[in-house]
Every structure is written in structure tokens, then in C-alpha cells.
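One-letter residues, chain by chain:
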Protein chains: 2
Amino acid sequence: MPAPAPRADREPLSRARVLDAAVVLADAEGLGALTMRRLAGELRCEAMSLYHHVADKNALLDGLAEVVVGEIAEACLDPGATAGSLDWRDVVRRRCLAARTVMHRHPWAPGLIAARSQPPPTVYPLFEALVATMVEGGCGYPLAHRAIHSLGSMLLGFTQELFEPAVDDEQARDEAAQDLAPTMPHLAHLAEVAVHEARGSLGICDTQAEFEFTLRLILDGLEAHRITR
Amino acid sequence: MPAPAPRADREPLSRARVLDAAVVLADAEGLGALTMRRLAGELRCEAMSLYHHVADKNALLDGLAEVVVGEIAEACLDPGATAGSLDWRDVVRRRCLAARTVMHRHPWAPGLIAARSQPPPTVYPLFEALVATMVEGGCGYPLAHRAIHSLGSMLLGFTQELFEPAVDDEQARDEAAQDLAPTMPHLAHLAEVAVHEARGSLGICDTQAEFEFTLRLILDGLEAHRITR
DNA sequence: ACCTGAACACCGTTCAAGT
DNA sequence: ACCTGAACACCGTTCAAGT
């Protein structure tokens, strides 16, 4: 009696399976090779089947950014990455180094994240942890806020306008901050402080001021190196 | 007698005209709208005509990166941007701010530059000027080299592995440095020093070390702010 | 020399039809 | 509910043909 014929039915598709396959494909052949048809081929289905799990290609790329930033956040939050660290700088430093190793595995990530208009929500746990570390280390919320901006390119590979809200309605912003409170208490507090400080201005973050702050940080650090050489 | 019919012949195409139109189109509608056919439409010619001036779409994007980085370099080198500056930090700071205003006009630029594997040659005059300013300000070449890396994201919008040569042949690298000498004396010297320091290692730049250097610069700067608050 | 029409292989996406 | 075949409009690119 012959062995039962190998069953041709695959594991059913799902958003997670589609996104995982997209990451594998982008890693292997770059974002250029990531087409709906090609991705479907890797999953042994037709291109049209993907549309049951992602709205369109743009949503696929959004999901991809979400996954890769989630991976970065996970690596940064791994307790092993920061075990034995004493001061806040050491913890933050090791987290940035962990982020870098993930980015190294996905060289297409910075370009992808930069092309999205908003950072994916999977950054929030990472920012929350960083702000917590800094605040517990004796930094105030305004300084922690600036630090997140300054470290943006070390964490995600490029400088970004963060938290730039689609809403310029102050009350809506306040409510958004409240929504964060249960799970992201430090971020919620940081946002509250920022909303208060930015009263009357256009955005919650003054990107020009953030840019100049980071710039001075770097230049002053270089000057210190020059003097002590 | 009727007025002469309006002559339908346009200014002949050229690489410069193609690239200029590409910048205008990307500014107006984003990189996504930049297709060969659409670009041709803007230039009132057929898509195939573009292939006489750029090899293919990839070459078009290379050219676009070249143009926009050239624009950044020009803005940074404008004497008006740095008039009246006293110390090297002030000069470098103002140049970075000038770069930012250009980037603001072309929000697609960082993503585009990041996607290219090499920075376009139009960065060299900018780097040359920055190194010159720093060296004249009392910085050594190794520090100036690190500064270029640290300031990468302030100048071009993202962190980049710079000068990563396709060749890992030390002699070829030395020769490349010599080629720079007539027009870019400081960069040539910087490259020579880097080649010497990197003797036996894989690349001319230790990107891990550069990353950690920038990271420490930022963290130490933040710590200084924390202490004096 | 410079431009173009027709053609090819490949995109993303819609829709009506299958199970 | 989940998947798909056929179809549409659009993409980059080649090539032989025009001027």
C-alpha cells in the first residue's frame, strides 16, 4: 500500500505569516524584490490572497516597519543586554548597541522606517523603557524627551521627527497622552509636560530646537576631545 | 498674414534638464510619483527619450542623489552661512543648519541617499570644507574624521557608513587618497591617516567604533546637562 | 545624433467567481 | 471565510525604425 500522498495544503495564511515572509524576502534580496506577486510565490499562494491579510502594499510596508521596530525594541529590552549595568548611560548605551545589531541584520530597515510618515507603535515600549531609565537615573522629563530625539538615529538609523501629531488640537493631544498612561506611564507624563511646554505652538516637539540641541551636544563633545588631546 | 505658428520644439533634453525635472517632480509629489513615463510627460517627451541621458532608473536616482547632495554642499559652503563666525564649532553648526534647510525642501532626500550604497561624489567638497575648518580650529585629523561620522545624520539626515571602499586592497586605497590630493587636500590627508591607522583591518573606517564614539558623545553631553540642571 | 512607436515582461489592484 | 483566475492600468526596458 503506497504511503499517503503528501498533502499539498499549506498552513493557512495570516498577517503574521505574511509579514514574516516579507522580512525574510527583504533580508535575502532587498526591498526591491518585495513585490506582492513574489511574496505570494514564497508563500505558495496567489498575489490576490495577500489582500485578505493586508489592505494593500502600503499596509504591507507599514506592517514590515512595525515588525522590524518591534524586533529592535525586543532586543533593547532584553534584560541580558543591560545586565550588570550601573548608571543610566551604560544602560542606554547597551540598548543602542543592541538596536544596532538588529539593524545590521535588516539593512533595509532605516530606509523603510524613514519613508513611513509615522514611527510604528512598536517603538513605544522602547521609548518608555529609555525614559524610565533616564528618569530613574536622575534626568528630568524635558531632558529625557530631548534624549529620545538625540538618540533617534542611534536607535532607528536616521533622524526623525518623532511624535509629530496629525492633530494640532491641544485637547486631542492631551487625551492621547491620557490613553498612553496605563501602559506607558513615563511616556504619558513626558507627553503631558511637552504639551504644556508647547502651549500655543504648532507641534508637540520643536524639531528645530531638538536639532540644534543634538548638534550642540555633538559639537561640545568634540570640543572637549580637542582640548584634552 | 497670420502670426507664425507657435513653434512646438522644446529645448533639447540633457542630463541636467532631466535631473532638474526629477527634483521638481519629487518635491511636488514624492519619490513614488517619479516614474520614467511620468517624468517624460513633464518634459513633454516619451519615456524612451530619457534613456539617452540616463542609463536606467537606478542611474536616474543616483543622479538625483548627486544633485540634492550637491545642493546641500552648496548651501553649506555659502560664505553667507558662516559670515562672522569665530570658532570652528560655530562654523560647523551653521553649516549643519544650512544643510537642514535644504533637506526641509526635499524631504525625500534622506531616504534616497540612504538607499544608495555609496554617498554621491558631491559630498566631497562639503567634507573637505568641514575637515579644513576643524583642522584649522585645532582638531587633529583623527578627531575630524570621527566628527564627519558623528555629524553624518545632521548633514544628510541619517547615519551612514562613509568611505566604505569597494576595494579592500590597501595599495588601491592609498592611490585613491592620492587622487583626491589636488582638489581635496584635507580629505586626502585624512584618508591617508585613516589607511595608516586601519592597517590590517578590513575597512578604512571602523563603523562600530564610530558608532560607539558618537553614542558616548551624546550620552556624556546629556549627563553634563543632567548634572547642571 | 537624438527621438519614438510598438512590444515584452512585470507591477499593484479590482472584481466576480469558485470552494 | 478564504482563496483565485481573468482582467485593467501602469511600470521599466529593448529594439528596430524614424528624422
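Every value quoted in this text rests on a predicted model; they were computed, and no experiment measured them.

Chemist: Could you give an account of the overall build of chain A, with specific residues and numbers?
Modeler: A tally of helices and strands in chain A yields 13 helices and 0 strands. Mapped in sequence order, the helices and strands of chain A form the string α-α-α-α-α-α-α-α-α-α-α-α-α. Looking at chain A as a whole, 48% of its 229 residues are labelled buried. A total of about 11,400 Å² of accessible surface is found on chain A, and carbon and sulfur atoms cover 54% of it.

Chemist: Can you explain the interface of chain A and chain B? Please cite residues and give values.
Modeler: Size of an interface: often given as the accessible area lost when the parts come together. Contacts between chain A and chain B engage 40 residues on the former and 40 residues on the latter. Between chain A and chain B, a total of about 4,000 Å² is buried, with carbon and sulfur atoms accounting for 69% of that surface. At the surface where chain A touches chain B, the tally comes to 2 salt bridges. Ionic pairing is found between A:Arg89 and B:Asp220, a salt bridge with its closest N-O pair at 2.8 Å. Between the two partners, chain A and chain B, sit 8 residue pairs in polar contact (both at pLDDT 80 or more).

Chemist: Explain the relation of the copies chain A and chain B residue by residue, including any values.
Modeler: At an RMSD of 0.0 Å, chain A and chain B line up after a rotation of 180° and a shift of 0.0 Å along the axis. Viewed as a symmetry operation, the transformation between the two copies matches a two-fold axis.

Basis of the calculations
- Residues numbered from 1 in each chain as written.
- Chains lettered and ligands numbered in written order.
- Predicted model: local features only at pLDDT ≥ 70, side-chain atom pairs only at ≥ 80, totals over all residues.
- Heavy atoms only, no water.
- Helix = DSSP H or I, 4+ residues; strand = E, 2+ residues; numbered from the N terminus.
- Buried < 20%, exposed > 50% of the residue type's maximum accessible area, 1.4 Å probe, protein only.
- Areas by Shrake-Rupley, 256 points an atom, 1.4 Å probe, with all protein chains shown as cover.
- Contact = heavy atoms within 4.5 Å.
- Buried area = accessible area lost by both parts, 1.4 Å probe.
- Salt bridge = Lys/Arg side-chain N within 4 Å of Asp/Glu carboxyl O.
- Polar contact = N/O pair within 3.5 Å; in protein donor to acceptor, adjacent residues only side chain to side chain.
- Least-squares fit on C-alpha atoms with pLDDT ≥ 70 in both.

Function cannot be read off these values alone, since they describe shape.
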